[in-house]
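Overview (structure and organization)
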Amino acid sequence: MIKVTFIEHNGTVRSVEVADGTSLMEAAVGNLIPGIDGDCGGCCACATCHLFIEPEWLDKLVPAEDMEKSLLELAECVGPGSRLGCQIKLSQSLDGIVARTPLGQH
Amino acid sequence: MNAAYTHVPQEQKNPAYAIPLEDIDVSDPELYRSNTMWGYFERLRREDPVHYCAKSLFGPFWSVTKYKDIMEVETHPGIYSSDSRRGGVTILDSNTAVQLPMFIQMDPPQHDEHRKAVSPIVAPENLARMEAIIRRRTGEALDGLPVGQEFNWVDKVSINLTTQMLATLFDFPWEDRSKLTYWSDATVALPGEGLVDSEEHRMQIMGECAAYMTRLWNERVNAEPRSDLISMMAHDARTRNMTPEEFLGNVLLLIVGGNDTTRSSMTGGVLALNENPEQYAKLCANPALVASMIPEIVRWQTPLSHMRRTATEDTVLGGKNIRKGDKVVMWYVSGNRDEEAIENPNNFIIDRARPRQHLSFGFGIHRCVGNRLAEMQIRILWEEVLKRWPKPGQIKVIGAPERVASPFIKGYESMQVRIDA
């Protein structure tokens, strides 16, 4: 199991454990973390799983591909840690990852 | 169930199965007026999911009918262009003579800049600020309905509320708000069908809209920034220096985008619950289901039957060779009933798992910018309806609704209802 910590926009901290291979979006939606929707089901087509990865974890991620980049280009309040959760597959190397979630998606 | 307006695909008896495959033309407006397009789409999904129609009112076009193929088109905007100069986003080619720049009809990078400028108005923070005023106005509209009498839900509720919403978004002078609906309807009307006589007439109406909106802009550009759309555009660095054409294009896009579509879902929800009384009862027993019912209404209604793209290069889609310049129509109305992507797609189920996994808002970079605003409006409508009329079947559809004859706008001209006290 991989431990994931979500910090909500209001500061609420929740840690969940999910199976290896789960995406960060699925980890959030499956555990009812507010602020993450995942409308398209995880195929990088809607940008409703936008979240912010804490800086110390950014280097460990597979870099964003073109479609993710173009969707993030249009997302709200994009920052250096911005990623689409559906594009981050969790594995042992990401055990303990911390992500901040926005108020909502659109 | 009222058989008069139930649409259950009936494979054998359906006329959709009685003609040669190549003769199928799902763009025929009459199919939408009579609500008889379902069987044709069902057949295409099964027998020829990417289908070429050589001859139609709108010229030759490809139909993309399955969810996964539509997703493929949506996520490759470089191959499938939205640019108005190539034809735009509807099966009816955009009129190059009266072209206004709208980001829905642009490709990146221009699209991105324009979209980013108006996107914050419908961001979660701004929606939260608007919720109270929308709720108050929705409640007032419902309190004014003639309970116990037959009336047209489309006029009295759907058009009324969407017009109010637009006026709220633009902080538009309240007494003039019906102009917004008029401008919206004039933008999409076919010449000679009542509202506009000709393209010149349409441009004259657009000119009135431009003059009015420019006056509001001039007032707001010199005032403190506020959260309405015009003030936001007037103060944002990306939009402050728009040309008059760009300004009018953006204004009309936002008016049209928020008008017909939400209007149709507001009507469609009442119809869907009436056709599915067991779902109506489930909702009344547990009003918290409004949350998952709203995206289900939007899927079930599919307020825009399609969006169109134009191929920028030769490509292959679903095994078919698409040529550069071909018109490619993504039939959301069909993809939303694709049994391979959605379980029991022909059923209206208010507590579906993953209800937001539908095509009505599109996907990819052109996905509806106002989707959460639309959902909020419809959610508030149903929350306020259930507070006032909490019993199953209390809002009764009388007879069959009159539907719009269009392969694009999937909506209702009128729908008679009666609310029982």
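We now turn to the structure provided with this report. Note that this is a predicted model, so its numbers are computed, not measured.

**Considering the overall build of chain A**
In terms of helices and strands, chain A carries three helices and five strands. Across chain A, helices and strands are ordered from the amino to the carboxyl terminus as β-β-α-β-α-α-β-β. Taken over the C-alpha trace, chain A has a radius of gyration of 12 Å; the compact-globule value for 106 residues is 13 Å, and the two agree within 12%. With the C-alpha coordinates of chain A rotated into their principal frame, the extents come out at 30 × 30 × 25 Å. Counting only residues that meet the buried cut, chain A has 41% of its 106 residues in that class.

**With respect to the packing of helix α7 (residues 178-188) of chain B against helix α8 (residues 199-221) of chain B**
Residue and element names in this part refer to chain B. Between α7 and α8, whose axes approach to 10 Å, the crossing angle comes to 140 degrees. Where α7 crosses over α8, the two elements pack in a sense that is left-handed. Seen from α7, the contacting residues are K179, W183 and A186; seen from α8, they are R202, I205, C209 and Y212.

**So, the nonpolar core**
Counting 139 residues, the largest nonpolar core has L24 of chain A together with V64 of chain B as the members making the most contacts within it. The element best represented in this core is helix α6 (residues 153-170) of chain B, accounting for ten residues. When neighbours within four sequence positions are excluded, V64 of chain B is seen to be in contact with V50, D69, I70, V73, L317, V328, V329, M330 and W331 of chain B.

**Quick word on the interface of chain B and chain A**
On the side of chain A, 16 residues touch chain B, which itself brings 22 residues to the contact. Looking at the side of chain B that touches chain A, the elements that each hand over two or more residues are α3 (67-74), α4 (110-118), α5 (124-143) and α15 (371-388) of chain B. For the side of chain B that touches chain A, the element with the highest residue contribution is α4 of chain B, accounting for three residues.

**Quick word on unusual backbone geometry**
Negative phi is the rule for most residues except glycine; trans is the rule for most peptide bonds. The linkage connecting P108 of chain B with the following residue, P109 of chain B, adopts the cis geometry, with an omega of 5 degrees. At C44 of chain A, a residue that is not glycine, the phi angle is positive and equals roughly 60 degrees. In this fold, C44 of chain A is placed in the loop between α1 (24-30) and β3 (50-53). A tally of 21 C-beta atoms within 10 Å means that C44 of chain A is categorised as buried. Residues other than glycine seldom take positive phi values, yet A47 of chain A does so here, at roughly 60 degrees. By the element assignment, A47 of chain A lies in the loop between α1 and β3. In this structure A47 of chain A comes out as buried when scored by C-beta crowding, with 28 C-beta atoms within 10 Å.

**As for the sheet that holds strand β2 (residues 13-18) of chain A**
Residue and element names in this part refer to chain A. Pairing is mixed in the open sheet, where five strands are placed in the order β2-β1-β5-β3-β4. With one partner strand each, in any of the chains shown, β2 and β4 (82-84) form the two edges of the open sheet. Averaged over all pairs of adjacent strands, the angle between strand axes in this sheet comes to 35 degrees, irrespective of strand direction. Taken together, the three bridges between β3 and β4 define a ladder with antiparallel strand orientation.

**A few points about the environment of F172 of chain B**
Within the secondary structure, F172 of chain B sits in the loop between α6 and α7. Those residues in contact with F172 of chain B that sit more than four places away from it in its chain are L166, A167, R177 and L180 of chain B.

Rules used in this analysis
Residues numbered from 1 in each chain as written. Chains lettered and ligands numbered in written order. Predicted model: local features only at pLDDT ≥ 70, side-chain atom pairs only at ≥ 80, totals over all residues. Helix = DSSP H or I, 4+ residues; strand = E, 2+ residues; numbered from the N terminus. Rg over C-alpha atoms; globule rule 2.2 N^0.38 Å. Buried ≥ 20, exposed ≤ 12 C-beta atoms within 10 Å, placed from the backbone. Axes fitted to C-alpha atoms, helices over the stretch in contact; angles between N-to-C directions. Left-handed = near helix turned anticlockwise from the far one by under 90°. Contact = placed C-beta atoms within 7 Å. Core = buried A, V, L, I, M, F, W, Y, C linked by C-beta atoms within 7 Å. Pairing = 2+ DSSP bridges.

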